[in-house]
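Results of the structural survey
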2 protein chains.
Amino acid sequence: LELRNLTRAMIDRLDSAGYGEVRTPSVEYERSMPGSELGPEPAYRLIDEHGDSLVLRSDMTLPIARIATTRYSGQHGPLRLCYLARSWRRVKRLSGEPREILQLGGELIGHDPIEASSEVLGLLGDILSATGLRDWRVAIGHAGVAPQMLEAARLDPERGSLGLAALDSGNISELKALLEDVEAPGVGGSLADALAKRFDLSLDGLEGLDSFASGGVPAVVELRETLAALPGDLQARTIADFSLRPKLGYYEGIIFEVYDPEVGRALGGGGRYDRLMRELGRETTAIGFALDTDLVHAAVAGEQRGEGRA
Amino acid sequence: LELRNLTRAMIDRLDSAGYGEVRTPSVEYERSMPGSELGPEPAYRLIDEHGDSLVLRSDMTLPIARIATTRYSGQHGPLRLCYLARSWRRVKRLSGEPREILQLGGELIGHDPIEASSEVLGLLGDILSATGLRDWRVAIGHAGVAPQMLEAARLDPERGSLGLAALDSGNISELKALLEDVEAPGVGGSLADALAKRFDLSLDGLEGLDSFASGGVPAVVELRETLAALPGDLQARTIADFSLRPKLGYYEGIIFEVYDPEVGRALGGGGRYDRLMRELGRETTAIGFALDTDLVHAAVAGEQRGEGRA
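1. As for the overall build of chain A
For chain A, the count of helices and strands is 13 helices and 12 strands. Its C-alpha radius of gyration of 20 Å places chain A within 12% of the 19 Å reference for a compact globule of 310 residues. Seen through its principal axes, chain A has C-alpha atoms that stretch 60 × 50 × 45 Å. Taking all 310 residues of chain A together, 53% fall into the buried category. Restricting to contacts in chain A with at least 6 residues of sequence separation, those with at least 24 account for 68%. Carbon and sulfur atoms form 49% of the exposed surface of chain A, whose accessible area is close to 13000 Å². Across chain A, the 34 positively charged side chains and the 48 negatively charged ones have centroids separated by 5 Å.

As structure tokens, then:
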């Protein structure tokens, strides 16, 4: 499948689901960007012919959030927007990662949080199915799980932030060394194990989560409620992942990442960003996702080669 | 017609004609760009996180010409490539012109010049027809016409370059003031009139050109030969335009621009760029075109509104 046809199939799904395609400029005035703690730091700064300072956008969620608080601020009811657009990221020298990525994404703003998560994750699943990708999985977590569990365990703040840092860097052995001897509040067992917990819903359904949800950590309760509302075929692809941490500063609440065994990195992901909307001046809920079309293409091509070999 | 469907219809034509879609990075190392006398000066310079100097590409012909001399340098026979890609241009403050344009284009490298012009201009016509645009016209000229006519008239060099400058800036009254009293070599009449000559082929066919072609100016002979080889339906849309001047430094030989009465600027254009290929180290012929998809979209929308009124 060619990249062109792949992206067409994907955006057609968004279109059918009522998501209106938007375009925004690649280059924006730096002064119009929100604070860097909220989003990815722009990797490329430019000076235009009038001496104005510009940046090359590093993602599409920020520009769309801004549109939602300006151009569409008077609209009643949920706002459904989508895009197929390039963004530019900072890269490590010789890492082979591209500076420029072509992302496809959707954003749902101003809708009941549980229903919105279900709609957006369901749509993400439809889009991945439309690509013909076979073995993809989605890991779903909640940005509040780890901080809330650490807080409930009443650790001293330094130990708590070391634990969070270990989780953020994916260093599970460090996490265990730090928190193996702490009991997970409300559920028992080691806190390190609880923080790193992953449940394959295709094997155990939601049952594995129940004991944790009964522990009363609000983020776990919200995560369980969100997972329970997902379409069944998507649940069968889902890993509930307590260890998932937000990769971008504006995510809070539900967060997720998409994987395929053919590609060593997440194909994409997303999450809730109510806080970003609030900082931009609109009190509302918001959730969105983005897929790296080149990685999806690589995964599809890899699976097809695999079938050829089999 | 939505922009998305419009660009799909256009790129599908290129695809059916055997033009392979290519993508190149938006951001390139400045040191890998050819000299600025050959192409549009990049308007936006960036410094990346390692201190390397980068530029935001200002068109797609340069990157494709480079691909043709590197990645495809071993290929035999004509090379047909196309793109749908953004480029970034310098803009005048408050002009309302966009920094960023989404261009669709095709390039044909290494083919007989007359056949290549006929193929590329014919394809450009097919693409414009595929958009549903009704009233478009194409002006076709030759970069050598004005310099060769001025040279044949044996003007003193200063007067010659003033004449060329007047033509470049579209200042026909200045051109007349300068060259009204000079006879056009070989054909008679005023040189100013000859340089500003435009023939509507839908009215007079190629006959109007014949007296000028008999004057022996090589560029006029080549222009006539090129026009004679065009498909008939395209000839009916064509203005042979001696006053057309290359807008980009790398064009030489046949050049052209597309217009529609709904839009006050050229929707796109193109030309031969053998010299650029030569400077990049490959001795070959090359011709290409690019259309600004937003302007084409505006023209289509404008014509449809006009039909609504009629």
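Moving on from the model shown.
2. A few points about helix H2 (residues 61-69) of chain A
Residues and elements named next belong to chain A. The buried count for H2 comes to 9 of 9 residues, which makes it a mostly enclosed element. Among the residues making up H2, those that are buried are Thr61, Leu62, Pro63, Ile64, Ala65, Arg66, Ile67, Ala68 and Thr69. Elements in contact with the buried residues of H2: strand E2 (27-29), strand E5 (79-88), strand E6 (100-109) and helix H12 (274-279).

3. A word on the sheet that holds strand E11 (residues 263-272) of chain B
All names here are of chain B. The 9 strands lie next to each other as E1-E5-E6-E12-E11-E10-E7-E9-E8, forming an open sheet whose pairing is mixed. Both edges of this open sheet fall to strand E1 (20-21) and strand E8 (198-200), since each of them pairs with a single strand only. Relative to strand E5 (residues 79-88), E1 runs parallel, the two being bridged by 2 bridges. Across the sheet, Gly20 pairs through a bridge with Leu81, a residue of E5. Across the sheet, helix H2 (residues 61-69) lies against E5 and strand E6 (100-109), angled at about 35° from E6, the strand it touches most.

4. Brief notes about the interface of chain B and chain A
Taken together, the contact between chain B and chain A spans 32 residues of the former and 32 residues of the latter. For the pair chain B and chain A, the two sides together bury roughly 2900 Å², of which 38% comes from carbon and sulfur. Residue Arg8 of chain A is joined to Asp12 of chain B by a salt bridge in which the shortest nitrogen-to-oxygen separation is 3.1 Å. For the interface between chain B and chain A, the tally reads 9 residue pairs in polar contact (both at pLDDT 80 or more). Elements with a contribution of two residues or more to the side of chain B that touches chain A: helix H1 (3-16), strand E2 (27-29), strand E3 (45-47), strand E4 (53-56), E5 and E6 of chain B. Among the elements that take part in the side of chain B that touches chain A, H1 of chain B stands out by supplying 6 residues, more than any other. When the residues that make up the side of chain B that touches chain A are grouped by side-chain class, the tally is 14 nonpolar, 2 polar and 16 charged. One ladder, built from 3 bridges, connects strand E3 (residues 45-47) of chain A with E3 of chain B; its direction is antiparallel. Following the sheet pairing, Leu46 of chain A is matched in E3 of chain B by Leu46 of chain B.

5. Overview of the sheet that holds strand E4 (residues 53-56) of chain A
Reading across the sheet, the 6 strands line up as E2(A)-E4(A)-E3(A)-E3(B)-E4(B)-E2(B) and stay open at both edges, with antiparallel pairing between neighbours. Each end of this open sheet is capped by a strand with a single partner; those strands are E2 of chain A together with E2 of chain B. Across the sheet, the mean angle separating the axes of adjacent strands is 40° when strand polarity is ignored. Of the pairings in the sheet, the one linking E2 of chain B to E4 of chain B comprises 3 bridges and is antiparallel in character. By the bridge assignment, Glu28 of chain B is partnered in E4 of chain B with Val55 of chain B.

6. Observations regarding the pairing of E5 of chain B
All names here are of chain B. Of all the 10 residues making up E5, 7 are buried; the element is thus mostly covered by neighbouring parts of the structure. Alignment of E5 against E6, held across 10 bridges, turns out to be antiparallel. Bridge pairing in E6 links Arg86 to Leu102.

7. Quick look at the pairing of strand E7 (residues 137-142) of chain B
Strand residues, when the strand is regular, have side chains that alternate between the two faces of the sheet. Residues and elements named next belong to chain B. In terms of burial, E7 is a largely internal element, 5 of the 6 residues being buried. The sheet contact formed by E7 and strand E10 (residues 252-260) spans 6 bridges and is antiparallel. For Gly141, the partnering residue across the bridge sits in E10 and is Ile255. Summarising the sheet, E7 and strand E9 (residues 238-241) pair through 3 bridges and their orientation is parallel. Its bridge partner lying in E9, Ile140 is registered against Ala240.

8. Thoughts on the packing of aromatic side chains
Residue and element names in this part refer to chain B. Here the structure, examined in full by the defined rule, presents 11 aromatic pairs over all chains. Between the aromatic rings of Tyr250 and Tyr273, the centroid separation amounts to 6.1 Å while the plane-to-plane angle is 70°, which identifies the pairing as edge-to-face. On the criterion of sequence distance, the pair formed by Tyr250 in the loop between E9 and E10 and Tyr273 in the loop between E11 and helix H12 (274-279) is long-range, its members being 23 residues apart. Comparing Tyr250 with Tyr273 shows no difference in burial state: the two are buried.

9. Considerations on the confidence of the model for chain A
Summarising the model, chain A shows a mean pLDDT of 90, and 96% of its residues fall at 70 or more. Across chain A, the secondary-structure element scoring lowest on mean pLDDT is E3 of chain A, at 79, and the one scoring highest is strand E7 (residues 137-142) of chain A, at 98.

10. Examining the relation of the copies chain B and chain A
The two chain copies are related to each other by a rotation about an axis together with a translation along it. Take chain B, turn it by 180°, move it 0.0 Å along the axis, and it overlays chain A with an RMSD of 0.0 Å. Classification of the inter-copy transformation places it as that of a two-fold axis. If distances are taken from each C-alpha of chain B to the rotation axis, the shortest is found for Leu46 of chain B, at 2.5 Å.

11. Section: the packing of helix H1 (residues 3-16) of chain A against H1 of chain B
One can describe the packing of H1 of chain A onto H1 of chain B by two numbers: an axis separation of 13 Å at closest approach and a directional angle of 160°. When the axis of H1 of chain A is compared with that of H1 of chain B, the two are roughly antiparallel. The two elements H1 of chain A and H1 of chain B cross, and the hand of that crossing is left-handed. On the side of H1 of chain A, the interface is formed by Arg4, Arg8, Ile11, Asp12 and Asp15 of chain A, while H1 of chain B contributes Arg4, Arg8, Ile11, Asp12 and Asp15 of chain B. Tallied by class, residues from the contact of H1 of chain A with H1 of chain B come to 2 nonpolar, no polar and 8 charged.

12. Side note on the pattern of salt bridges
Opposite charge on two side chains allows them to pair when their charged atoms are near. Taken as a whole and assessed by the stated rule, the structure comprises 36 salt bridges over all chains. For Arg245 of chain A, the salt bridge is made with Asp168 of chain A, and the minimal N-O distance between the two is 2.6 Å. Here the residue Arg245 of chain A occupies a position in the loop between strand E9 (238-241) and strand E10 (252-260), and Asp168 of chain A occupies one in helix H5 (residues 157-168), the gap between them amounting to 77 residues. By sharing partners, the salt bridges in this structure join Arg4 of chain A together with Asp15 and Glu21 of chain B into a single network.

Definitions and cut-offs
- Residues numbered from 1 in each chain as written.
- Chains lettered and ligands numbered in written order.
- Predicted model: local features only at pLDDT ≥ 70, side-chain atom pairs only at ≥ 80, totals over all residues.
- Heavy atoms only, no water.
- Helix = DSSP H or I, 4+ residues; strand = E, 2+ residues; numbered from the N terminus.
- Rg over C-alpha atoms; globule rule 2.2 N^0.38 Å.
- Buried < 20%, exposed > 50% of the residue type's maximum accessible area, 1.4 Å probe, protein only.
- Contact = heavy atoms within 4.5 Å.
- Areas by Shrake-Rupley, 256 points an atom, 1.4 Å probe, with all protein chains shown as cover.
- Lys, Arg positive; Asp, Glu negative; His and termini not counted.
- Charge placed at Lys NZ, Arg CZ, Asp CG, Glu CD.
- Pairing = 2+ DSSP bridges.
- Axes fitted to C-alpha atoms, helices over the stretch in contact; angles between N-to-C directions.
- Buried area = accessible area lost by both parts, 1.4 Å probe.
- Salt bridge = Lys/Arg side-chain N within 4 Å of Asp/Glu carboxyl O.
- Polar contact = N/O pair within 3.5 Å; in protein donor to acceptor, adjacent residues only side chain to side chain.
- Nonpolar A, V, L, I, M, F, W, Y, C, P; charged D, E, K, R; others polar.
- Phe/Tyr/Trp six-rings, centres within 6.5 Å; stacked < 30°, edge-to-face > 60°.
- pLDDT = per-residue confidence, 0-100.
- Least-squares fit on C-alpha atoms with pLDDT ≥ 70 in both.
- Parallel < 35°, antiparallel > 145°, perpendicular 65-115°, else oblique.
- Left-handed = near helix turned anticlockwise from the far one by under 90°.

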